[in-house]
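For reference, the chains in residue letters:
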Amino acid sequence: MSQALAGSAAETTPIRAHTRQFLARHVGDTMPSDSDDLFKAGYVNSLFLMQLVTFVETRFAVTVEDDDLKIENFRSVEAICEFVAGKDWALQSAEA
Amino acid sequence: MRPSQAQDETACAQDTIDLRRFGVIGAGIMGCGVAQAIARAGSPVELIDLDDDRLQAAQRTLRSNIRQQKFFDRSAPPVDDQLALIRMTTCYDGLAEVDFVVENVTEEWDAKAGVYARLDAVCKPECVYAANTSAISITRIGAATKRRDRVVGMHFMNPVAMKPTVEVIRGHHTSARTLDAAAAFLKSIGKAGVVVEDMPGFVSNRVLMLTINEAVFLVQDGVAAAAEVDRIFRECFGHPMGPLETADLIGIDTILKSLERLYEAYWDTKFRPAPLLRKMVDAGLHGRKSGAGFHSYAS
Ligand SMILES: NC(=O)c1ccc[n+]([C@@H]2O[C@H](COP(=O)([O-])OP(=O)(O)OC[C@H]3O[C@@H](n4cnc5c(N)ncnc54)[C@H](O)[C@@H]3O)[C@@H](O)[C@H]2O)c1
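Owing to the predicted nature of the structure, the values given are computational and were not obtained by experimental measurement.

**Considering the overall build of chain A**
Then step 1. A count of helical and extended segments in chain A gives three helices and zero strands.
Then step 2. Written out in order from the N terminus, the α and β elements of chain A read α-α-α.
Then step 3. By sequence separation, contacts in chain A at least 24 residues apart represent 59% of the contacts at least 6 residues apart.
Then step 4. Carbon together with sulfur atoms contributes 50% to the accessible area of chain A, which is approximately 5,000 Å² in total.

Right, dumping it as structure tokens:
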């Protein structure tokens, strides 16, 4: 793994951890892997999308633009990490 | 039983149905959904509720709904453009020029009857009223207006933006022309209607409310937890959602009110609401809209 990649993986660690924590509260007994498609695998249904958007906006203080409202950006823990990491993000406290 | 065609509306001078201006009363789950569908189709709409607090909540719901719809409808206009078509107000004056009103207020007779009296005072004679109700007789609603032939039931499904078909209810005096207007309206927002006759609860909720109520009794009796009840419907029956998730989506308060309306209408104890439903309503567990019901929806 190159230095750059290792660096970016380290940067996404908090995003990953908080996203997994959030999902754990909503998916029931079995936790998806980071690459599992949350919707196709039936962990959550499409009504959960806006809960994910709100979570990402409040926890990571990112702006989700009209053009970002695509399932690709929210379909898995990986996808969410990649999406948030590509934005100007900052971790907010749980109360935010 | 059916009134003759000759009784059809005569005050309605136009021959072609031309619906351009719309009003939506009640800015809760359903009113927001219907206003959103009208705005998505590019038409302006007046959205009315009781006070500014509720309208502010509706503004947040609408923004969230319209954003959610973007996921599935990539060609939808920008979120802000759609929102700009929805004029939120507590005042009925803007309804003077509307051609079609969809009423979506709380499932209580007095609330609905009060709205129709106000509508009659301001709407032009040819304006059609569509009542979005879970269980109240459309014939009874018609009788509370001065235009019973221009009243039709329109039971939208929730979430409105994602459901292509609407249960359309012909009240005893609903005219053929009113049904045509209802069909034209639905077509304009990209939906189809299935017309049924009028009995409280119609087709959908006479069955669905009993199913949900019995599922609530299962939880109350400790036969299974809500998650297991829903899982059986999803995984064994292949339903997209279980009955208790569906109850959370509809609103636990609305489920209780719908069962009460059915119970009053049929005087049949099969519609008696499970005591757990009332307890949940008293506890503020109203489902998705309150953040928790049988399941939790906190962000
Ligand atoms: N929730 C569903 O899934 C669903 C589906 C189909 C039909 N319905 C029916 O649609 C109607 C609305 O249901 P909902 O789920 O949107 O309820 P809701 O509680 O979310 O919203 C009802 C809204 O009506 C408003 N209201 C009450 N009295 C009013 C008045 N006099 N004037 C203006 N506004 C008034 C309330 O302030 C509230 O904002 C009910 O008759 C319900 O049975 C609900």
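**A short note on the site of the ligand**
Residues and elements named next belong to chain B.
Then step 1. Around the ligand, the structure places 25 residues, and the nearest of them are Met30, Asp49, Glu107, Lys112 and Ser134.
Then step 2. At a separation of 3.1 Å, an oxygen atom of the ligand approaches a polar side-chain atom of arginine 54.
Then step 3. Taking serine 134, its side chain carries an N or O atom lying 2.5 Å from an oxygen atom of the ligand.
Then step 4. For the ligand, the protein covers 90% of the area, taking 830 Å² as the surface of the free molecule.
Then step 5. When residues of the shell around the ligand are traced back to their parent elements, those giving at least two are helix H1 (29–40) and helix H4 (109–122).
Then step 6. Counting contributing residues per domain, the shell around the ligand is built from domain 1 (5–197) and domain 2 (204–290), each supplying no fewer than three.

**Structural notes on the environment of arginine 140 of chain B**
Residues and elements named next belong to chain B.
Then step 1. Looking at the secondary structure, you find arginine 140 in helix H5 (residues 138–143).
Then step 2. Arginine 140 sits in the partly exposed class, given a relative accessible area of 42%.
Then step 3. Note: C-alpha distance between arginine 140 and histidine 172 (32 residues apart in sequence) is 9.1 Å.

**Quick look at the domain arrangement of chain B**
Residues and elements named next belong to chain B.
Then step 1. Domain annotation for chain B reports domain 1 (5–197) and domain 2 (204–290).
Then step 2. Here the C-alpha centre of domain 2 lies 26 Å away from the C-alpha centre of domain 1.
Then step 3. With 12 residues of domain 1 at the contact, the number on the domain 2 side is 10 residues.
Then step 4. For the pair domain 1 and domain 2, the summed buried area comes to about 940 Å², and 58% of that belongs to carbon and sulfur atoms.
Then step 5. Where domain 1 touches domain 2, the interface holds one salt bridge.
Then step 6. In this structure, the salt-bridge partner of glutamate 108 is lysine 257, at a minimum N-O distance of 2.6 Å.
Then step 7. Among the residues forming the side of domain 1 that touches domain 2, the class breakdown is five nonpolar, four polar and three charged.

**Here we look at helix H2 (residues 52–72) of chain B**
Then step 1. Along its 21 residues, H2 of chain B runs 31 Å from first to last C-alpha, staying within 8% of the 30 Å computed at 1.5 Å per residue.
Then step 2. Turning to H2 of chain B, the residues buried within the fold contact helix H2 (49–60) of chain A together with H1, strand S2 (45–48), helix H3 (79–84) and strand S3 (86–89) of chain B.
Then step 3. At the N-terminal boundary of H2 of chain B, the capping side chain belongs to aspartate 51 of chain B, with an oxygen 3.3 Å from the backbone nitrogen of aspartate 53 of chain B.

Cut-off values and rules
- Going along each chain's sequence as written, the residues are numbered from 1 onward.
- Each chain takes a letter, starting from A, and each ligand takes a number, starting from 1, following the order in which they are written.
- Per-residue local features of the predicted model are confined to residues with pLDDT of at least 70, and side-chain atom pairs are confined, for both listing and counting, to 80 or more; whole-chain, interface and lining totals are unaffected and use all residues.
- Side-chain descriptors were evaluated using all non-hydrogen atoms of the structure, hydrogens and water having been removed beforehand.
- Numbering of helices and strands runs from the N terminus, with a helix taken as a DSSP run of H or I at least four residues long and a strand as a DSSP run of E at least two residues long.
- Throughout, a contact is declared for two residues whenever any of their heavy atoms are within 4.5 Å.
- Exposure was quantified through the Shrake-Rupley algorithm and a 1.4 Å probe, taking into account, for residues, occlusion by the shown protein chains and nothing else.
- If even one non-hydrogen atom of a residue comes within 4 Å of a molecule or strand, that residue is called near it.
- Counted as a polar contact is a pair of N or O atoms within 3.5 Å, where, for protein atoms, one must be capable of donating a hydrogen and the other of accepting one, and residues adjacent in sequence contribute only when both atoms are in side chains.
- In this document the domain limits rely on a domain assignment from an automatic tool or a database.
- Note on classification: 1.4 Å probe, protein chains only; a residue is buried when its accessible area is under 20% of the maximum for its type, exposed when over 50%, partly exposed between these limits.
- Defined in terms of a 1.4 Å probe, buried area is the accessible area two parts forfeit on being brought together, summed over both.
- Salt bridges are defined as contacts in which a side-chain nitrogen from Lys or Arg sits within 4 Å of a carboxyl oxygen from Asp or Glu.
- Under the convention adopted here, Pro, Cys and the residues Ala, Val, Leu, Ile, Met, Phe, Trp and Tyr are nonpolar, Asp, Glu, Lys and Arg are charged, and Gly plus all remaining residues are polar.
- What a helix should span is 1.5 Å times the count of its residues minus one.

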